[in-house]
Amino acid sequence: MSAGAAPTLRLLLTADWQIGLRAGQLRERAGDLRRERLRAARRTLEVARSSGCELVVVAGDLFDRPDVDADAVDGVVSLFAEFSDIPILVLPGNHDPVCEGDVWGRREWRSAPAHVHLLREAREIELSSLVGGEVAPAALYPCPIGQKQSRLDPTGWIPSRAEGDERLRLGIAHGSLDSMGKATNFPIAHRRAELAGLDFLALGDWHGTTILERAAYPGTPEQCSFGEQGAGSALVVTLRRGAPPQIEQHRVGRFHWVQEEVEVRSASDLQALRHVFDAGGSAPESTIARLRLELAGGDLQLIERSEGLLEQLREELFFLDAALEVLDLSEVEFESPLLAALDASLHALEQGEPVPDALDELRAAPLEVVREARLQLRRWMGAARGELEEAEA
Ligand SMILES: [Mn+2]
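Summarised in this report is the structure supplied together with it. In this text, all values refer to a predicted model and were calculated from it rather than measured experimentally. (Residues numbered from 1 in each chain as written. Predicted model: local features only at pLDDT ≥ 70, side-chain atom pairs only at ≥ 80, totals over all residues. Heavy atoms only, no water.)

Quick word on the sheet that holds strand β3 (residues 88–90)
Stage number 1. Pairing is mixed across the open sheet formed by 6 strands, whose spatial order is β4-β3-β2-β1-β13-β14. The open sheet has two edge strands, β4 (116–118) and β14 (246–251), and neither has a second partner. Direction aside, neighbouring strands of the sheet carry axes that sit 25° apart on average.
Stage number 2. Two elements, strand β2 (residues 55–58) and β3, share 3 bridges in a ladder whose sense is parallel. By the bridge assignment for β3, V58 is matched with V90.
Stage number 3. Along the sheet face, helix α1 (residues 30–50) touches β1 (8–14), β2, β13 (233–240) and β14 and points at about 170° away from the line of β1. (Pairing = 2+ DSSP bridges. Helix = DSSP H or I, 4+ residues; strand = E, 2+ residues; numbered from the N terminus. Axes fitted to C-alpha atoms, helices over the stretch in contact; angles between N-to-C directions. Contact = heavy atoms within 4.5 Å.)

Right under this line is the structure:
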């Protein structure tokens, strides 16, 4: 058989849309982010169309949970209806499992168009029986999830390739490959594709794109939270019997999530932080940020500048969660010359500089003790002045 005659199939692999995600971290913008997730889903389906994919595979967690708003389900169903030229295969994942009270039994989902196929059973399916006769001979091995957690490998049932079976064999599963650590929920043998003679194993659950020899996670099309790595893509996978899969990664996500903790010692630290957003490679209105600023020292001008920068970023970014912490009480003004001298001496001790003879024996004190003494002194001064002002008022 010539190479040209080998069965080929091009599919778009996506997963973990998590439609209806609560996104509580984004507070007042959470609803906007939910709508944006559906836009990323649309861009994903547009990639399928522009790349000439013969089908779309959603490898689990299309919905964030079974009780998402009716609007969320309606939104997905209407979106699918706009892409009626491409069959869409949907696998239930651990966020949207097939079980009592599942999202799939809801009225909104039941109006999904006929080109959308829910893979609710673990059994071999001839692809042509779902999508018509034009497609290459291929067998599907869907591994739907029926609960939130399990220690069993959902791909364990897939039979080995029978001798003489020259169809493409495609596994579709949701869980964690057991090779990458932390694989406690729905662990999947990392060599399952090779063990079962699959041409490709389409995977969902990990939110970062991960491409292996005969298996891949597309990752979530739009990052879900701070700390996730490698989200924001869809994969176009071309299978040809007897050859390794060809996998192309397409960016479909809009948002960049930035998390920074900065110790601000001078105005140049603020400039460097500003630069993170100016040179970050994403438009400010598509940036979601969490910032923790620590000001070592109570320089009032620096505090004001920091507040100014945060105010500016809050205007420009899609969302900013910011905290400004002032660590020191340097602004304390000592009315007593004696206490001022003591404070200066403690500071000198901290810095390893010469101190008056009277404090000489403190030289042996551990640095933390000296720092704490100075901080206590300043707190006490601040409190004492506050009481005085209250008494005068
Ligand atoms: Mn999952």
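Structural notes on the coordination of the manganese ion
Stage number 1. Around the manganese ion, the donor atoms from the protein are D61 (OD), N94 (OD1), H174 (NE2) and D205 (OD), and they sit 2.1 to 2.3 Å away.
Stage number 2. A residue is classified by how much of its surface remains accessible, and D61, at 0% relative accessible area, is buried. (Donors = N, O, S within 2.8 Å, 3.2 Å for Na, K, Ca; no water. Buried < 20%, exposed > 50% of the residue type's maximum accessible area, 1.4 Å probe, protein only.)

Concerning the sheet that holds strand β5 (residues 125–126)
Stage number 1. If you trace the 6 strands from one edge of the open sheet to the other, you get β5-β6-β7-β10-β12-β11, paired in mixed fashion. Across the chains shown, the open sheet's two edge strands, defined by having one partner strand only, are β5 and β11 (210–211).
Stage number 2. Strand direction decides the pairing type here: strand β10 (residues 200–204) and strand β12 (residues 215–217), joined by 2 bridges, are parallel. Within β12, the position partnered with A202 by the bridge is A216.

Describing the packing of helix α6 (residues 267–278) against helix α7 (residues 300–316)
Stage number 1. Where α6 contacts α7, the two axes come as close as 10 Å, and the packing angle between them is 10°. Classified by the angle between their axes, α6 and α7 sit roughly parallel to one another. Of the residues in α7, those touching α6 at A267, L270, L273, R274 and F277 are L302, R305, S306, L309, Q312, L313 and E316.
Stage number 2. Among the residues making up the contact of α6 with α7, the classes are represented as 7 nonpolar, 2 polar and 3 charged. (Parallel < 35°, antiparallel > 145°, perpendicular 65-115°, else oblique. Nonpolar A, V, L, I, M, F, W, Y, C, P; charged D, E, K, R; others polar.)

Concerning the nonpolar core
Stage number 1. Within the largest apolar cluster, 31 residues are counted, with the highest numbers of intra-cluster contacts made by L62, F63, F80, V90 and W109.
Stage number 2. When contributions to this core are tallied by element, the ones reaching two or more residues are α1, β2, α2 (70–81), β3 and β13.
Stage number 3. The residues contacting F63, other than those within four sequence positions of it, are Q18, I19, V68, A72, V73, V76, H95, D96, V103, W104 and W109.
Stage number 4. Membership of the second largest hydrophobic core comes to 25 residues, among which are L13, L119, I125 and L235. (Core = buried A, V, L, I, M, F, W, Y, C linked by side-chain atoms within 4.5 Å.)

Section: the environment of A72
Stage number 1. Relative to the elements of secondary structure, A72 occurs in helix α2.
Stage number 2. A72 sits in the buried class, given a relative accessible area of 16%.
Stage number 3. With 38 residues separating them along the chain, A72 and R34 place their C-alpha atoms 8.7 Å apart.
Stage number 4. When sequence neighbours within four positions are dropped, the list of residues in contact with A72 reads I19, G20 and F63.

Topic: the pairing of strand β7 (residues 168–174)
Side-chain direction in a regular strand flips from residue to residue, so the side chains alternate between the two faces of the sheet.
Stage number 1. The element β7 is extensively covered by neighbouring structure, given that 7 of its 7 residues are classed as buried.
Stage number 2. Here β7 shows a buried face lined by L168, L170, I172 and H174 and a second buried face lined by R169, G171 and A173.
Stage number 3. Across 6 bridges, the pairing between strand β6 (residues 138–143) and β7 is parallel. In the sheet register, Y141 faces β7, and the bridge partner there is G171.
Stage number 4. In terms of strand pairing, β7 meets β10 through 5 bridges, oriented parallel. Residue I172 lies in a different strand from β10, and its bridge partner there is A202.

Quick word on unusual backbone geometry
Stage number 1. Not every positive phi belongs to a glycine, and D16 is a case in point at roughly 55°.
Stage number 2. Its location among the elements puts D16 in the loop between β1 and α1.
Stage number 3. What makes D16 buried here is its relative accessible area of 0%.
Stage number 4. Of note in the backbone geometry, D61 takes a positive phi value of approximately 55° without being a glycine.

Remember, this is a structural readout, not a statement about activity or role.
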